[in-house]
Amino acid sequence: MCGIIGIASNKPVSINIINSLKKLEYRGYDSAGIATLKNNLINEKKCSGRVDELEKILFKSPSDGNIGIGHVRWATHGVPSILNAHPHSSENVSVVHNGIIENSDELKMELESKGLKFKSQTDTEVITLLITEALNNNEPLESVFKTLNKLKGSFALGIIFKDFSDIIIGARRGSPLAVGYSNNENYLGSDSYALKSMTNKISYLDDGELCVLTKNEVSFYDDKKNKINKKIHIVSDEENIADKGDYKNFMSKEIFEQPITAKKCVNEYIDSLKKDINIYNFPINPKDLKKIILIGCGTAYHSCLVAKYWLEELTNIDVEIDIASEFRYRNLKFNDKNLYIFISQSGETADTAAALDICKKNSVKTCAIVNVIESTIARNADWVLPIHAGPEIGVASTKAFLGQLIVLYILILKLSSIRNEINQTTYNQKIENLKKIPKFLKKTLDLETNIQILAKEFLDAKGTMFLGRGSSFPIALEGALKLKELSYLHAEGYPAGEMKHGPLALIEEGLPVIVIAPKDKYFEKTLSNMQEVIARGGKIVFITDNKKKSISENIRFGLRVPHIDNLLSPILLTIPLQLLAYHVALLKNCDIDKPRNLAKSVTVE
Ligand code: AGP
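Residues numbered from 1 in each chain as written. Predicted model: local features only at pLDDT ≥ 70, side-chain atom pairs only at ≥ 80, totals over all residues. Heavy atoms only, no water.

Considerations on the overall build of the protein chain
We apply this condition: Numbering goes from the N terminus for both helices and strands, where a helix is a DSSP run of H or I of at least four residues and a strand is a run of E of at least two. Here's how the labels work: a residue is buried when its accessible area is under 20% of the maximum for its type, exposed when over 50%, partly exposed in between, all with a 1.4 Å probe on protein chains only. We call two residues in contact when some of their heavy atoms are within 4.5 Å. For the area figures, the Shrake-Rupley method with a 1.4 Å probe applies, and any residue is considered shielded solely by the protein chains shown. Positive residues here are Lys and Arg, negative ones are Asp and Glu, while His and the chain termini are left out of the count. The atoms used to mark charge sites are NZ of Lys, CZ of Arg, CG of Asp and CD of Glu.
Regarding its fold elements, the protein chain presents 19 helices and 27 strands. Over its C-alpha atoms, taken along the principal directions, the protein chain stretches across nearly 80 × 55 × 45 Å. Counting all 605 residues of the protein chain, 61% fall into the buried class. In the protein chain, of all internal contacts separated by at least 6 residues, the share reaching a separation of at least 24 is 71%. Total accessible area on the protein chain is roughly 24,100 Å²; 47% of this is exposed by carbon and sulfur atoms. Side-chain charges of the protein chain comprise 77 positive and 73 negative groups, with the mean position of each set lying 3 Å from the other.

Given below as structure tokens:
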């Protein structure tokens, strides 16, 4: 999604703004721009496409100035184009914006009725014109406050002013914004990762807050215009390591990092000496828990789905799952004996963050399972369980999904033990099995060579289906999501038992169908569903951990992952699907780390 950078310095800032925008590229964007201020003139440069393009423009025609703002835009209002790219500037003010102004049409009409003209189709330009108008009688801060009072929707803003050449104003409502500190230089950024090469000292704005940056100081204000102090966090080195090393792209690095991710995560939560799980400080006594509600979007939602099966197997706790964008608008009956668990890699997903806010307003207990521990969702939840996956840069979530599954499984196991719903021997055995995951993941990754061959079969496919039952159903959904987002091939995930109720009509000669069938209680049933597909010409890719099942001639391609504890099989079965999506996308020359139209951090609704 969109990304913001602002730098106030004692030296020219355009090169550092460009470098920081490159760090924001992973979020997904379609145009870029920069505005610097020198000799009371705003100098704006924009391009449609990549930051490299913007860099070339600056190379030909440098932008001087010790203060500036930059932006990568993910189109919401108006097509991706130079005119719609940010910053949006008037003669006096230049603005970069993340988020959506919901009443922009109304505000636009008001401004147009006063004779003001708009250059772009964006919602952002109303902010520029409103601040410009307010500046007639006010100081910059006051003009921003006045403008914000008129805006509905979500935003993070970076603003510079022609006649106030040493300040950048930042403001946040809904969309994240961070401030970084250094010597003779201060920064504004959509996330701390974008500022990493310049500083590790970061503060995070909360909703309704504003900041005023000069090269020497930063002041913060709440929504009532009171000056406030903000905590400075030192961002850990680990959060700062994000380099693709010898890998072709971040996604392949992140797929192959998974044995290490799993090891780190398991080590964080398993006390090998005590043979127990290190999870304490439950916001509700586990014995009193009535229900667990799991909420997330996309891949994070799929981990909620897997967790539902685990909760049902290992505990007697009621469980409900929901997609955050649905949860936030439902007419829910909140209960203070329920625990609401929010899953998010970034911790900044707008729908998930809004769903969490609703829970907070209803005074129920919340838990965040996140990768980014300084994120909005982590900061707002009552209880945080980090997944310790390290930065995930590829838009497609891989190692974070693994981390989410491991943390969810460990949490559920612990709940089951505290509630005496599992006997000690099984509990100990399950802890031992968790420790085996890294080794088994490594073995599973060895399937890559076979999957490279398999990927070729998808090049001419019109589409594909992924089938599974039980906890393999969410893995089917996840496999389909990975394939469609990376290779743009139409892919659907279905519970195998549902085929006869409609989707079977899609099966025709040669359609690739991926059947996920671990050796669990559904195995035979899944095989029957597979036969129904074979009978109609489906070309089967069969993925199992069942050593006994021979890969018959009716199966076009077979992949065997190691067998682990039945409950843990979804963790291993995901790997071939990630590799398949990756290799099909690679063969199709797709932009693997930045698939078209998508963003890493979905900070708008
Ligand atoms: C997965 O590959 C995605 N790109 C996407 O579905 C993602 O999982 C979703 O947007 C949620 O993001 P979050 O985990 O950062 O909240």
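Read on for the rest.
A look at the packing of helix α4 (residues 125-134) against helix α5 (residues 140-150)
Rules: The axes used here are C-alpha line fits, helices contributing only the stretch in contact, and every angle between their N-to-C directions lies in the interval 0 to 180 degrees. Orientation labels follow simple angle bins: below 35 degrees gives roughly parallel, above 145 gives roughly antiparallel, 65 to 115 gives roughly perpendicular, and whatever is left gives oblique. Helix crossings get a hand from a simple test, with the near helix turned counterclockwise from the far one by less than a right angle marking a left-handed crossing and a clockwise turn marking a right-handed one. Classes in brief: Ala, Val, Leu, Ile, Met, Phe, Trp, Tyr, Cys and Pro nonpolar; Asp, Glu, Lys and Arg charged; the others, Gly included, polar.
For the pair α4 and α5, interaxial distance at closest approach is 8 Å and the crossing angle is 135°. In terms of orientation, α4 and α5 fall into the oblique class. As for how α4 packs across α5, the hand of that crossing is right-handed. Residues I127, L130, I131 and A134 of α4 lie in contact with α5, whose contacting residues are S143, V144, K146, T147 and K150. Each residue belonging to the contact of α4 with α5 can be placed in one class, and the counts come to 5 nonpolar, 2 polar and 2 charged.

Notes on the packing of aromatic side chains
Aromatic ring pairs are reported here in terms of the distance separating the ring centres and the angle at which the planes meet. Let me state the cut-off plainly: Aromatic rings from Phe, Tyr and Trp, with only the six-membered ring used for Trp, were paired whenever their centres fell within 6.5 Å, and each pair was classed as stacked if the ring planes differed by under 30 degrees, edge-to-face if by over 60, and tilted otherwise. A ring has a charge above it when a Lys NZ or an Arg CZ is no more than 6 Å from the ring centre and no more than 35 degrees off the ring normal.
This structure, assessed with the given rule, holds 9 aromatic pairs. Pairing Y247 with F256 gives two aromatic rings, centres 6.3 Å apart and planes at 25°, and the pair type is stacked. Relative to Y340, the ring of F327 lies with its centre 6.3 Å away and its plane at 65°, an arrangement referred to as edge-to-face. Taken together, the residues span a long stretch of sequence, with F327 in helix α11 (residues 324-327) and Y340 in strand β20 (residues 338-344) at a distance of 13 residues. Residue class for Y340 comes out buried when judged on its relative accessible area of 3%. Clustering of aromatic rings is evident, with ring pairs tying together F327, F334, Y340 and F342. One Lys or Arg, K308, reaches over the ring of Y309 and ends 5.3 Å from the middle of that ring. Lying over the aromatic face of Y488, R596 brings its terminal NZ or CZ to 3.9 Å of the ring centre.

Focus on the domain arrangement of the protein chain
What counts here: Domain boundaries shown here were taken from an automatic or database domain assignment.
Each domain of the protein chain was delimited in the assignment, giving domain 1 (3-234), domain 2 (250-443) and domain 3 (448-587). Each of domain 1 and domain 3 was reduced to a C-alpha centroid, and the two centroids are 46 Å apart.

Examining unusual backbone geometry
Put simply, H86 and P87 share a cis peptide bond, and its omega is 0°. Its location among the elements puts P87 in the loop between β4 (67-73) and β5 (88-89). Non-glycine residue S363 carries a positive phi angle of around 55°. Its location among the elements puts S363 in the loop between α12 (350-361) and β21 (365-370). In this model, N420 sits at a positive phi of 55°, which is unusual for a non-glycine residue. Checked against the element boundaries, N420 lands in the loop between α14 (399-418) and α15 (424-445). According to the relative accessible area criterion, N420 is exposed, its value standing at 62%.

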